[in-house]
Amino acid sequence: MTSFQVSLKKFQGCLVASAMGDALCASREGGYLERLLWRIIGKTSNGLHRYTDDTQMSIDLARHLLRYGSVQQDELAREFAASYRWSRGYGPGAAMILKKIRDGVDWRIACRARYPTGSFGNGAAMRIPVLALFYQDRPHELKDAVELSSVITHAHPAAIMGAMLMALAVIQALSDVTPVEAISFIMAECNQEVFLRRMIVVQEYLSTGIIPDSGSLRRSLGTGISAIDSCPASILIGMFYRNHPLDHLISYVKTCKGDTDTIGAMAASIWGAYNGIHQIPTKDIASIENHAELMDIASSLYAKHPKQG
């Protein structure tokens, strides 16, 4: 992994864009009842767009890293559980795990309560941009941190691989390499055939310079809640739209159906890591809940980077 220098604007862009993709695409997730519920609870009392568990767990992870300097699993599990609120839209599997942890069950037991081999969902990948920023030039530490943070809620190898691919995609976006170069690097680090096949499809789409319509995307890559059905698609969307305004990316994700908030968050984190905060209109930033805190967290993560002293 090549060493490179990044700016504070890219750190801020990554986290804020991710929260925007999450909050603005949440209303299109699920069926009629889910969309109706988010229409009711999707705004704060002062009219700002609320983010979901995707951003909440990213904030939890960022605060944890700033406090401890590394992933301390037992404490991170307790922090995830303490932040759990049903109104953030946690998936049923994650909700079960976090409620068990909050009730005193060891996370090592709780994480396999519903799925004996661990959840293969995208809940680990959705919060992974924080780790990409924190460990951007420490690849060996990044790999360990991705696994340590993922297994607390998503212990299946596919969930961990999806999270790792997302982390690498964010880092490649920070370094400004071309999308085709980025995908080649990511594929070289992929050791699961099921993901590799999807990433070949991503590479083919990016090589043509044409993104498929949402129906074709669902059929070829998937837009569901599993890591395999969302991480490759998110990487494609984030890299394809990086030279377009962020609202174009968000508009596309809204048409995709499936797990739109998480795909929006992951794709937008790649966009933000490439473009930086200055490419997002101020009024759009101000429309998101706790946007100032997200900016502060990004600044604190940037200040912790060794090259920043």
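The preceding data block contains the structure.
Residues numbered from 1 in each chain as written. Predicted model: local features only at pLDDT ≥ 70, side-chain atom pairs only at ≥ 80, totals over all residues. Heavy atoms only, no water.

With that settled, consider the environment of Asn122. Along the chain, the position of Asn122 falls in the loop between helix 6 (107-110) and helix 7 (129-134). Considering only alpha carbons, one finds Asn122 and Gly162, 40 residues apart in sequence, at a separation of 7.2 Å. When near neighbours in sequence (up to four residues on either side) are disregarded, Asn122 contacts His154, Gly224, Ile225, Ser226, Ala227, Ser230, Asp259 and Thr262. (Helix = DSSP H or I, 4+ residues; strand = E, 2+ residues; numbered from the N terminus. Contact = heavy atoms within 4.5 Å.)

Moving on, we get to the side chain of Thr52. With respect to the element layout, Thr52 can be found in the loop between helix 2 (32-41) and helix 3 (53-68). Other than its neighbours up to four places away in sequence, Thr52 contacts Asp22, Ala26, Trp38, Arg88 and Asp261.

A separate point is the pattern of salt bridges. Enumeration over the complete set of coordinates arrives at 10 salt bridges. The salt bridge involving Arg108 is made with Asp74; its shortest N-O contact spans 3.0 Å. Here Arg108, found in helix 6, pairs with Asp74, found in helix 4 (residues 73-83); they are 34 residues apart in sequence, far enough to count as distant. Residue Asp106 is joined to Arg108 by a salt bridge in which the shortest nitrogen-to-oxygen separation is 3.1 Å. Through salt bridges with shared partners, a single network forms among Asp74, Asp106 and Arg108. (Salt bridge = Lys/Arg side-chain N within 4 Å of Asp/Glu carboxyl O.)

Here the focus is the packing of helix 9 (residues 157-174) against helix 13 (residues 231-240). Direction vectors running N to C along helix 9 and helix 13 enclose 10°, while the axes themselves pass 9 Å from each other. The pairing of helix 9 with helix 13 is recorded here as roughly parallel in orientation. Between helix 9, through Gly162, Leu165, Met166 and Ala169, and helix 13, the contact on the second element is made entirely by Cys231, Ser234, Ile235 and Met239. Grouping the constituent residues of the contact of helix 9 with helix 13 by class yields six nonpolar, two polar and no charged. (Axes fitted to C-alpha atoms, helices over the stretch in contact; angles between N-to-C directions. Parallel < 35°, antiparallel > 145°, perpendicular 65-115°, else oblique. Nonpolar A, V, L, I, M, F, W, Y, C, P; charged D, E, K, R; others polar.)

Right, let's get into a positive patch on the surface. On the surface, Arg28, Arg35, Arg39, Arg218, Arg219 and Lys257 cluster together into a positively charged patch. Where the positive patch is concerned, the elements lending two or more residues are helix 2 and helix 12 (214-220). Among the structural elements, Arg219 can be located in helix 12. (Patch = residues over 30% accessible without salt bridge, like charges linked within 9 Å, V, L, I, M, F, W, Y side chains within 5 Å. Areas by Shrake-Rupley, 256 points an atom, 1.4 Å probe, with all protein chains shown as cover. Lys, Arg positive; Asp, Glu negative; His and termini not counted. Charge placed at Lys NZ, Arg CZ, Asp CG, Glu CD.)

Next up on the list: helix 5 (residues 92-102). Buried within helix 5 are the following residues: Gly93, Ala94, Ala95, Ile97, Leu98 and Ile101. Count one or two residues on from helix 5 and you reach Gly104, which has phi positive near 105°. (Buried < 20%, exposed > 50% of the residue type's maximum accessible area, 1.4 Å probe, protein only.)

With that settled, the discussion passes to the nonpolar core. Within the largest apolar cluster, 106 residues are counted, with the highest numbers of intra-cluster contacts made by Leu131, Ile237 and Leu249. In terms of residue count, the dominant contributor to this core is helix 9 (14 residues). Those residues in contact with Leu131 that lie beyond four places of it in its chain are Leu61, Leu65, Val71, Leu142, Ala145, Val146 and Ser149. (Core = buried A, V, L, I, M, F, W, Y, C linked by side-chain atoms within 4.5 Å.)

Attention now goes to the packing of helix 13 against helix 15 (residues 260-275). In a packed pair of helices, the relevant descriptors are the angle between the two axes and the axis-to-axis distance. Two elements in contact, helix 13 and helix 15, have axes separated by 8 Å at closest approach and are oriented at 40°. The orientation of helix 13 relative to helix 15 falls into the category oblique. Read as a crossing pair, helix 13 and helix 15 show a hand that is right-handed. Along its contact with helix 13, which presents Cys231, Ser234, Ile235, Ile237, Gly238 and Met239, the element helix 15 presents Ile263, Met266, Ala267, Ile270 and Trp271. A class-by-class count of the residues in the contact of helix 13 with helix 15 yields nine nonpolar, two polar and no charged. (Left-handed = near helix turned anticlockwise from the far one by under 90°.)

According to the stated counting rule, one finds six aromatic pairs in the structure shown. Ring centres of Phe134 and Tyr135 lie 5.0 Å apart, and the angle between their planes is 80°; on these two criteria the pair is classed as edge-to-face. Taking the centre distance of 5.1 Å and the plane angle of 80° together, the rings of Phe240 and Tyr241 count as edge-to-face. There is no split in this pair, since Phe240 and Tyr241 are both buried. (Phe/Tyr/Trp six-rings, centres within 6.5 Å; stacked < 30°, edge-to-face > 60°.)

At Lys257, a position not held by glycine, the phi torsion is positive, near 60°. Looking at the element boundaries, Lys257 is found in the loop between helix 14 (246-254) and helix 15. The exposure class assigned to Lys257 is exposed, which follows from its relative accessible area of 53%. At Asn290, a residue that is not glycine, the phi angle is positive and equals roughly 55°. Note that Asn290 resides in the loop between helix 16 (282-286) and helix 17 (291-304).

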